[in-house]
Amino acid sequence: MDFEIENPDQMDVEDLVQKPIHKEPPRIHRLDEAVVNRIAAGEVIQRPVSAVKELLENSIDADSSSISVLVKDGGLKLIQVSDDGHGIRYEDLPILCERHTTSKLSKFEDLQSIKSMGFRGEALASMTYVGHVTVTTITKGQLHGYRATYKDGVMEHEPKACAAVKGTQIMIENLFYNMSARRKTLQNSADDYPKIVDLICRFAIHHISVNFSCRKHGAARADVHSVSTSSRIDAIRSVYGVSVAQNLMEVEVSEDDPSSSIFEMDGFISNSNYIAKKITMVLFINDRLVECGALKRAIEIVYAATLPKASKPFIYMSIKLPPEHIDVNVHPTKRERVDPSPSVSISMSKESSSHPSSSGSKSQKVPVQKMVRTDSQDPAGRLHAYLQVKPSSQLQGSSCLASVRSAIRQRRNPRETADLTSIQELIREIDSSCHSELLDIVRNCSYIGMADDVFALLQHNTRLYLANVINLSKELMYQQVLRRFAHFSAIQLSDPAPLPELIMLALKEEELNTEGDENDDLKERLQK
């Protein structure tokens, strides 16, 4: 088959250049309200534990003294939260699940002093867009309660009269029934029930005046059952067990001026006897459960210097700040709180701790050999990690002392030893009997901690050693005195030293033999 090739000189340049295809810019249009609400619902109710958190906070805002949670299939089939709070008015039921309907605030300025857990009126509305919601409630003085069902933020039928106990019961069925991708992901992932149990445990040890219970549907016993108490440590013992409670220390910090009430913190932290593979940090700020990554990392660093190997601490902290210092309106799920003064972001605890950060970086597993300090150059292996930093007010007072110490160090020169023959002989004796391997261990070891009153644990490479601190200190001081003999700075005594008494003590220590007549004469002259 023959092909005829066109003469390139006769081809039009426009035929060789591809003409751009002109596309019209996409038209901007308003989303349907149902689509908007469903997108917003997916942000607020991310998993079943998110719904439980919102319902728990609503029950606490309703002055409940008892809250019970029932869960089926990790919360996808059923979430039922019942409380004995003040209930919901019959007149408010038609707008109960509409977006932005709330009894917590009326104007934006109210956010500056908000003290309730919820305030935006989005949680219940979001639940109706991703699940089937049924509310049963009764208020004080009513002869019967009312039950209403909701879908897509709207009450489906008129409330029906029914028998009810004091308070409110909210039931969510078939969560994410209309979001197949998320429902499938949650079904394939680990059960959300342990997250719900952990969340309720955290609420239980903070709100100690409220009874909490949580159980699976069909189970005879509750997995969480706490009774109201006046003692925080009793609540921790009831929820987390005796082994945790007996190894906790109480901490309390507040402003020097009680009238200012700017900062107050109280809580319980574990001691060095507590052993756990995973850190438990329960942080409440103004009675809201939050998470602060910076604070958590700082606490882990402090404990890493005292706890053995890979043990993790237990921390419970309750911090009180003026409401105007905290911005609670920074996240759809109220996961974050921002303190504007230090510019520190604090985020809601549960779900964020179980997911990688938004940047996609995952925490790398630390090798076993690095779980204990192995490098003497590492700050975690230095002794100053155990020292407390003095406040700035004390630093100014100690500046004079620091300058004196600096001057003393400059006048010292350990390499220059005294010219005395006796000192030189003692130093040579030490150098000749020095053990090279032991010297390397002492020079490059990392301090782990005290095993008892006498022995300390030291680590060198991958081995642990028990060192007699008393003997080691005596030998260290002895060698330091020899090598710096005649190079120590003068010490001015407030009262003159009694030289005759000191000389007599030295002579007795030497236990001179009877042949030393000159020394006997010296003693007699000193005693006169």
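About the thresholds
- Residues numbered from 1 in each chain as written.
- Predicted model: local features only at pLDDT ≥ 70, side-chain atom pairs only at ≥ 80, totals over all residues.
- Heavy atoms only, no water.
- UniProt positions renumbered as here; feature names shortened; annotations may be inferred.
- Helix = DSSP H or I, 4+ residues; strand = E, 2+ residues; numbered from the N terminus.
- Buried < 20%, exposed > 50% of the residue type's maximum accessible area, 1.4 Å probe, protein only.
- Contact = heavy atoms within 4.5 Å.
- Areas by Shrake-Rupley, 256 points an atom, 1.4 Å probe, with all protein chains shown as cover.
- Axes fitted to C-alpha atoms, helices over the stretch in contact; angles between N-to-C directions.
- Parallel < 35°, antiparallel > 145°, perpendicular 65-115°, else oblique.
- Left-handed = near helix turned anticlockwise from the far one by under 90°.
- Nonpolar A, V, L, I, M, F, W, Y, C, P; charged D, E, K, R; others polar.
- Salt bridge = Lys/Arg side-chain N within 4 Å of Asp/Glu carboxyl O.
- Pairing = 2+ DSSP bridges.
- Phe/Tyr/Trp six-rings, centres within 6.5 Å; stacked < 30°, edge-to-face > 60°.
- Expected span 1.5 Å × (residues − 1).
- Arc of directions from axis to C-beta.
- Core = buried A, V, L, I, M, F, W, Y, C linked by side-chain atoms within 4.5 Å.

Looking at an unreviewed UniProt entry, one finds the protein chain named DNA mismatch repair protein MLH1 and attributed to Sesamum angustifolium. Per UniProt, the comment on the protein chain under Subcellular location (unreviewed entry) is "Nucleus". The Sequence similarities (unreviewed entry) field of the UniProt record for the protein chain holds the comment "Belongs to the DNA mismatch repair MutL/HexB family."

Asker: Residue-level account of the overall build of the protein chain, with values.
Answerer: Along its length, the protein chain carries 16 helices and 19 strands. Counting only residues that meet the buried cut, the protein chain has 36% of its 528 residues in that class. Counting contacts in the protein chain only where the partners sit at least 6 residues apart, residues at least 24 apart contribute 62% of the total. Accessible area of the protein chain: about 34,500 Å², with a carbon and sulfur share of 53%.

Asker: Requested: an account of the packing of helix 3 (residues 48-61) against helix 6 (residues 193-206), with residues and values cited.
Answerer: Any two packed helices are characterised by the angle at which their axes cross and by the distance between the axes. Following both chains from N to C, one finds helix 3 and helix 6 inclined at 25 degrees, their axes separated by 9 Å at the closest point. As far as their axial angle goes, helix 6 and helix 3 are roughly parallel. Of the two possible hands of crossing, helix 3 and helix 6 adopt the one that is right-handed. In this structure, helix 3 contributes Val49, Val52, Lys53, Leu56, Glu57 and Ile60 to the contact, and helix 6 contributes Lys195, Ile196, Leu199, Ile200 and Phe203. Taken together, the residues that form the contact of helix 3 with helix 6 break down as eight nonpolar, no polar and three charged.

Asker: Pulling in residues and values, what's your account of the pattern of salt bridges?
Answerer: Side-chain pairs of opposite charge can arise whenever the charged atoms involved come near each other. Summed over all chains, the structure comprises nine salt bridges. The residue Lys320 makes a salt bridge to Asp287 at a minimum N-O spacing of 2.9 Å. Here Asp287 lies in the loop between strand 12 (280-285) and strand 13 (288-290) and Lys320 lies in strand 14 (residues 314-320), a separation of 33 residues in the sequence. Take Lys320: its relative accessible area is 31%, and that puts it in the partly exposed class. Beyond isolated ion pairs, a larger network of salt bridges with shared partners links Arg47, Asp192 and Lys195.

Asker: Can you lay out the packing of helix 6 against helix 7 (residues 232-240) for me, pointing to particular residues and giving the numbers?
Answerer: At their nearest, the axes of helix 6 and helix 7 sit 8 Å apart, and the two run at 160 degrees to each other. In terms of their interaxial angle, helix 6 and helix 7 are classed as roughly antiparallel. As for how helix 6 packs across helix 7, the hand of that crossing is right-handed. In this structure, helix 6 contributes Asp198, Cys201, Arg202, Ala204, Ile205 and His206 to the contact, and helix 7 contributes Arg232, Ala235, Ile236, Val239 and Tyr240. A breakdown of the residues in the contact of helix 6 with helix 7 according to their chemical character gives seven nonpolar, one polar and three charged.

Asker: Tell me about the sheet that holds strand 17 (residues 446-450), residues and numbers included.
Answerer: Read from one edge of the open sheet, three strands run 17-18-19, paired in antiparallel fashion. Of all the strands in the sheet, just strand 17 and strand 19 (463-468) have a single pairing partner and so form its edges. Adjacent strand axes in the sheet meet at a mean angle of 30 degrees when their direction is disregarded. Relative to strand 19, strand 18 (residues 455-460) runs antiparallel, the two being bridged by six bridges. In the sheet register, Gln459 faces strand 19, and the bridge partner there is Leu464. Of the strands in this sheet, strand 17, strand 18 and strand 19 touch helix 13 (residues 436-444), which is tilted by about 95 degrees from strand 18. Against the sheet, helix 14 (residues 469-483) contacts strand 17, strand 18 and strand 19, and its axis sits at roughly 75 degrees relative to strand 19.

Asker: Provide a residue-level description of the sheet that holds strand 11 (residues 264-270), including the pertinent values.
Answerer: Here five strands make up an open sheet; going across it, the order is 10-11-14-12-13 and the pairing mixed. Two strands lie at the open edges of the sheet, namely strand 10 (248-254) and strand 13, each paired on one side alone. The average undirected angle you get between the axes of adjacent strands in this sheet is 20 degrees. Taken strand by strand, helix 6 contacts strand 12, strand 13 and strand 14, and its axis lies near 55 degrees from that of strand 12.

Asker: Could you give an account of the packing of aromatic side chains, naming the residues involved and the relevant values?
Answerer: According to the stated counting rule, one finds four aromatic pairs in the structure shown. For the ring pair Tyr240 and Phe314, a centre distance of 5.1 Å and an interplane angle of 75 degrees mean the geometry is edge-to-face. Linking Tyr240 in helix 7 with Phe314 in strand 14, this pair joins segments that are 74 residues apart in sequence. Classification of Tyr240 as partly exposed rests on a relative accessible area of 21%.

Asker: Tell me what's going on with helix 12 (residues 421-432), and back it up with residues and numbers.
Answerer: Between its first and last C-alpha atoms helix 12 spans 16 Å; for 12 residues at 1.5 Å apiece the expected length is 16 Å, and the two agree. If you check which residues of helix 12 are buried, you get Ile423, Ile427 and Ile430. With its buried residues spanning 60 degrees around the axis, helix 12 presents them on a single face. Away from the buried face of helix 12 by more than 90 degrees, exposed residues Thr421, Glu429 and Ser432 are located. Looking at the buried residues of helix 12, the elements they touch are helix 14.

Asker: I'd love a proper account of the nonpolar core, names of residues and values included.
Answerer: Counting 61 residues, the largest nonpolar core has Leu56, Met127, Tyr150 and Phe212 as its most contacted members. With residues up to four places along the chain from it excluded, the contact list for Phe212 reads Leu56, Ile60, Ile67, Ile200, Phe203, Ala204, His207, Val224, His225 and Ser226. Counting 16 residues, the second-largest nonpolar core is a separate cluster that includes Met265, Met281, Ile299 and Ile326.

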